[in-house]
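Now for the letters of each chain:
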Amino acid sequence: MPREFRFLVFTENESASALAEFAPRLGKKLPLGTVRGLEVLEAMDGPPSATLRILPDSGDSIPMSFRSEEIVAALIAYCLKRRIPLPRSGEKVLESLHDRLALRIGVSPLDDAAPKADAEESKG
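Given the structure is predicted, the values throughout are model-derived calculations rather than measurements.

A. Here's a closer look at the packing of helix α1 (residues 12–22) against helix α2 (residues 68–81). The N-to-C vectors of α1 and α2 enclose an angle of 100°; their axes lie 8 Å apart at closest approach. Taken as axis vectors, α1 and α2 run roughly perpendicular relative to one another. Seen from α1, the contacting residues are E14, S15, S17, A18, L19, E21 and F22; seen from α2, they are E70, I71, A73, A74, L75, A77, Y78 and K81. Grouping the constituent residues of the contact of α1 with α2 by class yields nine nonpolar, two polar and four charged.

B. The pairing of strand β5 (residues 91–97), seen in detail. In terms of strand pairing, β5 meets strand β6 (residues 100–107) through seven bridges, oriented antiparallel. Across the sheet, the residue bridging to S96 is L101, located in β6. Hairpin geometry of β5 and β6 is characterised by an intervening segment of two residues between the two adjacent antiparallel strands and by a positive phi of about 50° at H98.

C. Summary view of unusual backbone geometry. The phi dihedral of R83 falls on the positive side, at around 60°, and the residue is not glycine. Tracing the chain through its elements places R83 in the loop between α2 and β5. Positive phi is not limited to glycine here, since H98 has a value of about 50°. Examined against the element boundaries, H98 turns out to sit in the loop between β5 and β6. You can call H98 exposed: its relative accessible area is 78%.

About the thresholds
- Residues numbered from 1 in each chain as written.
- Predicted model: local features only at pLDDT ≥ 70, side-chain atom pairs only at ≥ 80, totals over all residues.
- Heavy atoms only, no water.
- Axes fitted to C-alpha atoms, helices over the stretch in contact; angles between N-to-C directions.
- Helix = DSSP H or I, 4+ residues; strand = E, 2+ residues; numbered from the N terminus.
- Parallel < 35°, antiparallel > 145°, perpendicular 65-115°, else oblique.
- Contact = heavy atoms within 4.5 Å.
- Nonpolar A, V, L, I, M, F, W, Y, C, P; charged D, E, K, R; others polar.
- Pairing = 2+ DSSP bridges.
- Buried < 20%, exposed > 50% of the residue type's maximum accessible area, 1.4 Å probe, protein only.

Right, here's the structure in full:
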């Protein structure tokens, strides 16, 4: 049975912003400073993780690590805040595409659509 997938691909800046905005909700306190970027870490047997690089106002650069589940939550919150539509029921999986983070959203098969179309054709 066919399935539909959507991919939302985020730039490094968008992913870094999403994590920086969402970090307090995860109980992670970011130091005062500048977000310098994001490093996507590939996993051999699972979804990627990421490290947010922060340059504090005083001191050396501080890396902050995020697990895939935290990143998915941050990217969903980023989309909701910016009114980017996401299906509620779609399965959301984090993927890495050439050093960019992406949400792969699987939409359930539309089982009911085919019988309705067949029924309407037989009426005509």
